Amino acid sequence: MNIEQKVSGLYDQILTRNAGEPEFHQAVAEVLESLKVVLEKDPHYGDYGLVQRLCEPERQIIFRVPWVDDQGQVQVNRGFRVQFNSVLGPYKGGLRFHPSVNLGIIKFLGFEQIFKNSLTGLPIGGGKGGSDFDPKGKSELEIMRFCQSFMTELHRHIGEYRDVPAGDIGVGGREIGYLFGQYRRMANQHESGVLTGKGLTWGGSLVRTEATGYGCVYFTEEMMKANGADINGAKVIVSGSGNVAIYAIKKAQELGATVVGFSDSSGYVSTPNGVDVELLKEIKEVRRARVSEYVAEAEGAEFHEGGNIWELKADVALPCATQNELSGESAKLLVENGCRFVAEGANMPSTPEAIEVFKSNGVHFAPGKAANAGGVATSALEMQQNATRDSWSFSYTDERLKRIMTNIFKNCETTAAEYDHEGNYVLGANIAGFKKVANAMLAQGVI
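Residues numbered from 1 in each chain as written. Predicted model: local features only at pLDDT ≥ 70, side-chain atom pairs only at ≥ 80, totals over all residues. Heavy atoms only, no water.

## Some points on the nonpolar core
Counting residues in hydrophobic clusters, the biggest one holds 62 residues, and the most contacted among them are Phe219, Val238, Tyr294, Leu318 and Ile408. By residue number, the principal contributor to this core is helix 7 (residues 211–226), which donates eight residues. Each residue touching Val238, except ones within four places of it in the same chain, is listed here: Ala245, Ala248, Ile249, Val259, Gly261, Phe262, Ser263, Ile309, Leu318 and Cys320. The next biggest cluster of nonpolar side chains, apart from the first, holds 40 residues, and it includes Ile14, Ala27, Val28 and Phe115. (Core = buried A, V, L, I, M, F, W, Y, C linked by side-chain atoms within 4.5 Å. Buried < 20%, exposed > 50% of the residue type's maximum accessible area, 1.4 Å probe, protein only. Helix = DSSP H or I, 4+ residues; strand = E, 2+ residues; numbered from the N terminus. Contact = heavy atoms within 4.5 Å.)

Right, dumping it as structure tokens:
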């Protein structure tokens, strides 16, 4: 049986064992496609069921989350924590609170997290969690009660040396505060390293808020330099308007780019003169309003209700919203309008069809497991500070983040070249992340 047949057979097994989980199937398929060249060149990675073990979570936890709303009615949500792989260190990955959350989405995110965390070079394993709870439209007390109920069950499964969750979509500083408070109550100790993304006055790290967006732009800057371009003077599209998007916009403009558009689920705003970041932060973080409010206060901005942000002309596209937001048709629009660089600020925001369009048209493409690793990297730096009871300056932490993202790019670039796929950053990221995890798994035996 040749490598193609072996990989195809393994993928068929995964489809059968994980029915009804398309996002997980998509994430696994991308990695397995990259691993074909590894298994050809280094066949020992096919021994001891290593790839099969890598695709199977070490532990999947599903639990009921009952809570009482402001009308005194009992509501019931479902909580998840998938502890995927701990061979490099404690499980590390965010919690997502969103109505779309289900086991398949959490598994896809946890699987991606294995490789992303490996690429950082830091001693952290891969995991992910969350709930189908929607914080939007809920009162502060309802969110607090939900977080307390969620952590009442989750606390027994996490710990500084076991599993360290962080935030993700729907889980910001407010939610982390409620979750940490309940953990501290249940554990009867101040174990500051058990959650990251904490407030600065009680164990949090400077730069953590900015890290994913900043990191994505740092990676993009290196990718552009390596391919004869400069972010200074470039036109950039950033989808989304949450934490990642806001700080990607901020850093891109600090480096001399003009961000010509951003979006939310209601539509997009075109900003030919650039983005007023402080106004956008006010609208999204304080007022918690739609991006349509931005145009009333920003000169030259225009709101396009229900429009497709990828129809804008730009040199660089940074999808920073959610999975599979950038389709094959949208990728064709970007190509037609002269886009040469795409870096994923979200987890798997480009469909396989979009990636194929980029590849066939010479667009330099950076996958999320590499380009959006800045958030988890800085979370690991927060863990270091907690462990030593230390607090680092913004500039020092930001420099550490930039160095990590630069190293991730160089690792992806050199690994792709090593396997005769120069410039294929998807393959480079998948193989570089895989080999570090695989070598540790082989060293530690069949467990």
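Next, the rest of the story.
## Brief notes about the layout of surface pockets
Reported here for the second largest pocket is a volume of approximately 650 Å³. In terms of lining residues, the second largest pocket is bounded by 29 residues, among which Ile355, Glu356, Lys359, Asn424 and Val426 are the most central. Looking at the lining of the second largest pocket, the elements with two or more residues in it are helix 2 (22–41), helix 11 (352–360), strand 12 (364–366), helix 12 (368–371) and helix 15 (425–444). If one sorts the elements of the lining of the second largest pocket by residue count, helix 2 sits on top with seven residues. Partitioning the lining of the second largest pocket into residue classes produces 12 nonpolar, nine polar and eight charged. (1 Å grid on protein atoms, 1.4 Å probe; cavity = no way out; pocket = protein on both sides within 12 Å on 5 of 7 lines; lining within 4 Å. Points joined across faces, edges and corners; volume = space filled by probe spheres on them. Nonpolar A, V, L, I, M, F, W, Y, C, P; charged D, E, K, R; others polar.)

## Some details on the pairing of strand 10 (residues 316–319)
What you see with strand 10 is no split at all: Val316 and Leu318 on one side and Ala317 and Pro319 on the other are buried throughout. Inspection of the sheet shows strand 10 paired to strand 11 (residues 341–343) by two bridges, in the parallel sense. Bridge assignment links Ala317 to a residue of strand 11, and that residue is Val342. (Pairing = 2+ DSSP bridges.)

## Details of the UniProt feature "binding site: NAD(+)" (unreviewed entry) in the protein
What UniProt calls "binding site: NAD(+)" (unreviewed entry) maps, in this numbering, to Thr212 and Asn243. These annotated residues cover 32 residues of sequence, and their C-alpha atoms all fall within 8.3 Å of one another, placing them together at a single site. Its location among the elements puts Thr212 in helix 7. With residues up to four places along the chain from it excluded, the contact list for Thr212 reads Val244, Gly345, Asn372, Gly374 and Gly375. Along the chain, Asn243 turns up in helix 8 (residues 243–254). (UniProt positions renumbered as here; feature names shortened; annotations may be inferred.)

## Notes on the sheet that holds strand 12
On the basis of which strands lie adjacent, the open sheet formed by seven strands has the order 9-8-7-6-10-11-12 and mixed pairing. Of all strands in the sheet, those bounded by a partner on one side alone are strand 9 (302–305) and strand 12. This sheet shows a mean twist of 15° between the axes of neighbouring strands, independent of strand direction. (Axes fitted to C-alpha atoms, helices over the stretch in contact; angles between N-to-C directions.)

## Thoughts on the UniProt feature "site: Important for catalysis" (unreviewed entry) in the protein
This chain's UniProt record puts "site: Important for catalysis" (unreviewed entry) on Asp168. When residues no more than four places from it in sequence are discounted, the contact partners of Asp168 are Gly94, Leu95, Arg96, Lys128 and Asn347. Among the polar contacts made by the side chain of Asp168, one reaches the side chain of Arg96 at a distance of 2.6 Å. (Polar contact = N/O pair within 3.5 Å; in protein donor to acceptor, adjacent residues only side chain to side chain.)

## Description of the pattern of salt bridges
Scanning the entire structure with this criterion turns up 23 salt bridges. The partner of Lys128 in a salt bridge is Asp168, with the nearest N and O atoms 3.2 Å apart. Taken as a pair, Lys128 in strand 4 (residues 125–131) and Asp168 in the loop between strand 5 (163–167) and helix 6 (173–187) lie far apart in primary sequence, 40 residues in all. No difference in accessibility class separates Lys128 from Asp168, as the two residues are buried. (Salt bridge = Lys/Arg side-chain N within 4 Å of Asp/Glu carboxyl O.)

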